[in-house]
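For reference, the chains in residue letters:
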Amino acid sequence: MRTILTIMAVLAVGACSRVEADTPAAQRAAVTKACLDGDLAAFGLKLDRVGCACASNVLQAQLSPKAMTALEDYSRGRQDGFDSARAGLSGDEKLMLDPKRPAGAPDLRKVAADCL
């Protein structure tokens, strides 16, 4: 009986670690990994492990779904998806997700300020 319960627990843990792509959890995971790897430094996010996890949750809550999708595309290296998703944004979100934004323009640090 103990063996069966152990096997079921291992299978349950494995099932929980798999996240379907394009879900909010998958977006947060991709953004957290990219933040840890330093890939989001162009957007003003260069944080430690806890800060990256915090930032991905805050960004998920504060940004529009389109902006979060664009950030996920950038995080996963999908440049075409990033460009097309970013084109549909407006205002501050479009500036925040511009890797070549002008000095003084808002960046993602402003949104994730509580995580710094």
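Residues numbered from 1 in each chain as written. Predicted model: local features only at pLDDT ≥ 70, side-chain atom pairs only at ≥ 80, totals over all residues. Heavy atoms only, no water.

A.B. asks: Explain the packing of aromatic side chains to me, and be specific about the residues and the numbers.
C.D. replies: One pass over the structure, following the stated rule, counts three aromatic pairs. With a centroid separation of 6.2 Å and an interplanar angle of 55 degrees, the aromatic rings of Phe43 and Phe82 are classed as tilted. Placement of the pair is Phe43 in the loop between helix H2 (24-37) and helix H3 (49-62) and Phe82 in helix H5 (residues 79-87), with a sequence separation of 39 residues. Phe82 carries the same exposure label as Phe43, and that label is buried. An aromatic cluster is built from Phe43, Tyr74 and Phe82, whose rings are joined through pairwise contacts. (Phe/Tyr/Trp six-rings, centres within 6.5 Å; stacked < 30°, edge-to-face > 60°. Helix = DSSP H or I, 4+ residues; strand = E, 2+ residues; numbered from the N terminus. Buried < 20%, exposed > 50% of the residue type's maximum accessible area, 1.4 Å probe, protein only.)

A.B. asks: Can you tell me about the nonpolar core, naming the residues and giving the values?
C.D. replies: If you look at the biggest cluster of nonpolar residues, it comprises 25 residues, and the most contacted ones within it are Leu40, Leu45, Leu59, Leu63, Leu71, Leu97 and Leu108. Contributions of two or more residues to this core are made by H2, H3, helix H4 (65-75), H5 and helix H7 (108-111). The contact partners of Leu97, leaving out residues within four places of it in the chain, are Phe43, Ala67, Ala70, Leu71, Phe82, Arg86, Leu89 and Leu108. (Core = buried A, V, L, I, M, F, W, Y, C linked by side-chain atoms within 4.5 Å. Contact = heavy atoms within 4.5 Å.)

A.B. asks: Explain the environment of Arg49 residue by residue, including any values.
C.D. replies: Within the secondary structure, Arg49 sits in helix H3. Sequence separation between Arg49 and Asp37 is twelve residues, and the spatial gap between their C-alpha atoms is 9.9 Å.

A.B. asks: Any chance you could break down the pattern of salt bridges for me, citing the residues and the numbers?
C.D. replies: A complete count under the given rule lists seven salt bridges for this structure. Here Glu72 and Arg78 are joined by a salt bridge, their closest N and O atoms 3.7 Å apart. Assessed through its relative accessible area of 35%, Arg78 is described here as partly exposed. For the salt bridge of Asp73 with Arg78, the shortest nitrogen-to-oxygen distance reads 3.5 Å. Overall, Asp73 belongs to the buried group, its relative accessible area being 9%. Taken together, the shared-partner salt bridges in this structure form one network comprising Glu72, Asp73, Arg76 and Arg78. (Salt bridge = Lys/Arg side-chain N within 4 Å of Asp/Glu carboxyl O.)

A.B. asks: Would you mind going over the state of the cysteines in detail, with residue names and values included?
C.D. replies: All told, the structure shown has two disulfides when counted by the stated rule. A sulfur-sulfur separation of 2.1 Å characterises the disulfide bridge that pairs Cys35 with Cys52. Residues Cys35 and Cys52 are joined through a disulfide that is left-handed, its torsion about the S-S bond being -70 degrees. Of this pair, Cys35 sits in helix H2 while Cys52 sits in helix H3, placing them 17 residues apart in sequence. On the basis of relative accessibility, which here comes to 4%, the residue Cys35 falls in the buried class. The exposure class of Cys52 is buried, given its relative accessible area of 1%. Between the sulfur atoms of Cys54 and its disulfide partner Cys115 the distance amounts to 2.0 Å. Residues Cys54 and Cys115 are joined by a disulfide whose S-S torsion is about -70 degrees; by sign, that bridge is left-handed. Note that Cys54 is positioned in helix H3 and Cys115 in the segment after H7, a separation of 61 residues in sequence. Overall, the relative accessible area of 26% leaves Cys54 in the partly exposed class. (Disulfide = S-S within 2.5 Å.)

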